[in-house]
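As a plain string of letters, each chain reads:
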Amino acid sequence: MTNPTSTRILVKERTEHGGVALHERPLRPMGPQDVLVRVHRAAICGTDLHVYEWNDWAARNYRLPIPMGHELGGEVVATGELVTGLEPGMRVSAETHIACGHCRQCRANRRHTCLNLKLFSKQGLGCFSDHTVVPASALRRVPDDLPFRDASIMEPLGVGVRAAMEADLRGRNALVVGCGPIGLFTIAAARALGAARVIAADLHAYRRDLAARMGADAVIDPVATPLVQAAAEASGGEGIDAAIDASGNGRAIQDALSCLVPGGALILAGMPSAPVALDLAKDVIVREAQIRGIFGRLIDETWLATESLLRSGRLKVEPVLTHSFPLERFEEAFELAESGAAGKVMFEMA
Ligand SMILES: [Zn+2]
Ligand SMILES: [Zn+2]
């Protein structure tokens with residue numbers, strides 16, 4: 001069988017809401033370090049929604065036209081001559097953070113904060129397609145028994161796993177603020193990694209329901225009851241040892257910090273769109289709180305932990321994976337994802 005030379009692919013073309021088209025396009029020629037991947041599943045990320053919507057952030061960060069998609073579960077079809085460790089038939093997922101491998105951060109085993117970091121979504125690669133050609137350095141091999149569906153969400157799931165690991169939730173009370181896909185994955189990871197209680201908060205009823213189905217012990221509507229009060233009650237009066245923000249909302253971050261017990265930790269995984277004011281004297285210094293930002297996954301430690309947790313059956317992600325569409329129904333898929341009345345929305349290729 002000869003390898004395909006073209007693919008159907010979703011391309012963001014115009015600077016308007018939507019402005020996306022499904023095309024048949026020639027595949028990028030394979031370089032010596034490239035891999036041809038057959039995409040089986042590809043998931044819509046918050047980043048894709050910014051690009052679809054074409055908000056200020058997208059306009060600042062992307063040039064059109066750009067092929068869309070970076071969260072994939074696929075299969076290696078062919079490899080460039082210098083690629084090692086990947087062979088046709090192997091299953092792969094993709095790491096959004098493509099590291100250079102030789103800067104001081106990379107050499108200090110911090111490839112996820114590489115000084116020359118390239119983002120998959122800005123490289124013109126795309127995976128909302130039947131096939132894609134990507135650099136081998138962006139791929140992570142996953143076991144043959146891991147479903148393509150699971151492989152396609154390992155990148156955002158890894159953020160949840162890492163957040164739960166950095167917060168060291170064993171035997172402690174965790175608060176997850178924001179129950180979009182990353183927050184929901186964090187709930188699952190907190191459960192799998194032995195948190196005593198997992199308390200979740202979100203403004204949307206649909207997402208609170210998903211949080212409960214992910215195994216949250218208590219789910220808070222911060223409009224009905226102020227977060228600090230509701231979290232204290234839900235923890236049985238013990239308080240919150242670690243809060244993980246997956247909302248990026250300034251007010252939610254301030255409240256999450258106020259929920260912590262003295263010596264507690266706030267892990268920031270959501271990305272605020274503007275500076276956030278914090279009361280450092282009251283909430284951080286006197287109460288010896290720790291604040292920690294996390295950006296992506298540890299390469300490859302988080303990938304390996306995520307893989308083990310998925311294969312063990314301890315990390316239950318099923319309820320997040322709410323919708324799947326064929327590529328040609330992309331408008332429906334994006335609109336559903338934008339509405340917030342969905343967990344993870346993905347494309348399933350034929
Ligand atoms: Zn993503
Ligand atoms: Zn580097």
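Cut-offs and rules
Residues numbered from 1 in each chain as written. Chains lettered and ligands numbered in written order. Predicted model: local features only at pLDDT ≥ 70, side-chain atom pairs only at ≥ 80, totals over all residues. Heavy atoms only, no water. Helix = DSSP H or I, 4+ residues; strand = E, 2+ residues; numbered from the N terminus. Rg over C-alpha atoms; globule rule 2.2 N^0.38 Å. Buried < 20%, exposed > 50% of the residue type's maximum accessible area, 1.4 Å probe, protein only. Contact = heavy atoms within 4.5 Å. Areas by Shrake-Rupley, 256 points an atom, 1.4 Å probe, with all protein chains shown as cover. Lys, Arg positive; Asp, Glu negative; His and termini not counted. Charge placed at Lys NZ, Arg CZ, Asp CG, Glu CD. Polar contact = N/O pair within 3.5 Å; in protein donor to acceptor, adjacent residues only side chain to side chain. Arc of directions from axis to C-beta. Pairing = 2+ DSSP bridges. Donors = N, O, S within 2.8 Å, 3.2 Å for Na, K, Ca; no water. Tetrahedral: all angles 85-135°; square planar, octahedral: opposite > 155°, others 65-115°. Salt bridge = Lys/Arg side-chain N within 4 Å of Asp/Glu carboxyl O. Axes fitted to C-alpha atoms, helices over the stretch in contact; angles between N-to-C directions. UniProt positions renumbered as here; feature names shortened; annotations may be inferred.

Draft legend 1. The overall build of the protein chain, seen in detail. Counting its regular elements, the protein chain contains twelve helices and 18 strands. Whereas a compact globule of 350 residues would reach a radius of gyration of roughly 20 Å, the protein chain reaches 20 Å, a difference of no more than 12%. Structurally, the protein chain occupies a C-alpha span of about 65 × 40 × 35 Å along its principal axes. Expressed as a percentage of the 350 residues in the protein chain, the buried residues total 53%. Considering only intrachain contacts with a sequence separation of at least 6, the fraction spanning at least 24 residues in the protein chain is 68%. Working note: accessible area of the protein chain is about 15300 Å², and carbon and sulfur atoms make up 50% of it. Counting 37 positive and 41 negative side-chain charges, the protein chain places the centres of these two groups 4 Å from one another.

Draft legend 2. Spatial organisation of the side chain of Asp 34. With respect to the helices and strands, Asp 34 occurs in strand β3 (residues 34–43). A distance of 3.4 Å separates polar atoms of two side chains, one belonging to Asp 34 and the other to Arg 28. Contacts of Asp 34, omitting those with residues within four sequence positions, involve Arg 28, Pro 29, Thr 79, Gly 80, Val 83, Val 133, Val 134, Pro 135 and Ala 136.

Draft legend 3. Geometry of helix α1 (residues 46–53). Every buried residue of α1 is accounted for by Asp 48, Leu 49, Val 51 and Tyr 52. The buried residues of α1 occupy an angular sector of 160° when projected down its axis, which confines them to one face. Next to the buried residues of α1 lie β1 (6–12), β2 (20–26), β3, α2 (56–61), β4 (66–67) and α12 (330–339). Just downstream of α1, Trp 54 is the residue with a positive phi angle, here 60°.

Draft legend 4. Structural context of the sheet that holds β4. Strand order in the open sheet formed by three strands is β2-β1-β4, with antiparallel pairing between adjacent strands. Each having just a single partner strand, β2 and β4 make up the two edges of the open sheet. Pairing between β1 and β4: two bridges, direction antiparallel. Paired with Lys 12 across the bridge in β4 is Ile 66.

Draft legend 5. Here's a closer look at the coordination of the zinc ion (ligand 2). Listed as protein donors to the zinc ion (ligand 2) are Cys 100 (SG), Cys 103 (SG), Cys 106 (SG) and Cys 114 (SG); their distances from the metal cover 2.3 to 2.4 Å. Around the zinc ion (ligand 2) sit four donor atoms, and with donor-metal-donor angles ranging over 101 to 118° the site reads as tetrahedral. In the primary structure, the donors to the zinc ion (ligand 2) are separated according to the pattern C-x2-C-x2-C-x7-C. Taken together, the positions of Cys 100 in the loop between β7 (97–98) and α3 (104–107) and Cys 114 in the loop between α3 and β8 (118–119) put the pair 14 residues apart, joining distant regions of the chain. Classification of Cys 114 by relative accessible area gives buried; the value is 6%.

Draft legend 6. Geometry of the pattern of salt bridges. For the coordinates displayed, the defined rule picks out 25 salt bridges. Across the pair Glu 155 and Arg 297 runs a salt bridge whose closest N-O atoms are separated by 3.7 Å. Linking Glu 155 in helix α5 (residues 154–166) with Arg 297 in the loop between β16 (290–293) and α11 (301–312), this pair joins segments that are 142 residues apart in sequence. Between Asp 168 and Arg 170 there is a salt bridge whose closest N-O contact spans 2.9 Å. What makes Asp 168 partly exposed here is its relative accessible area of 34%. What makes Arg 170 exposed here is its relative accessible area of 60%. Here the residues in one salt-bridge network are Glu 13, Arg 14, Glu 16 and Arg 25, joined through shared partners.

Draft legend 7. Here's a closer look at the sheet that holds strand β13 (residues 218–220). The parallel open sheet is built from six strands, whose spatial order is β13-β12-β11-β14-β15-β16. The outermost strands of the open sheet, each flanked by one partner alone, are β13 and β16. Each strand of the sheet is rotated relative to its neighbour by a mean of 20°, with strand direction disregarded. Pairing between strand β15 (residues 260–268) and β16: four bridges, direction parallel. Across the sheet, residue Leu 268 finds its bridge partner in β16, namely Gly 293. The strands touched by helix α6 (residues 181–192) within the sheet are β11 (173–177), β12 (197–201) and β14 (240–245), with β12 carrying the most contacts at an inclination of about 170°.

Draft legend 8. Spatial organisation of the UniProt feature "domain: Enoyl reductase (ER)" (unreviewed entry) in the protein chain. Listed under "domain: Enoyl reductase (ER)" (unreviewed entry) in the UniProt record, and renumbered for this structure, are residues 19–347. Its end C-alpha atoms 18 Å apart, residues 19–347 is made of 31% helix and 25% strand.

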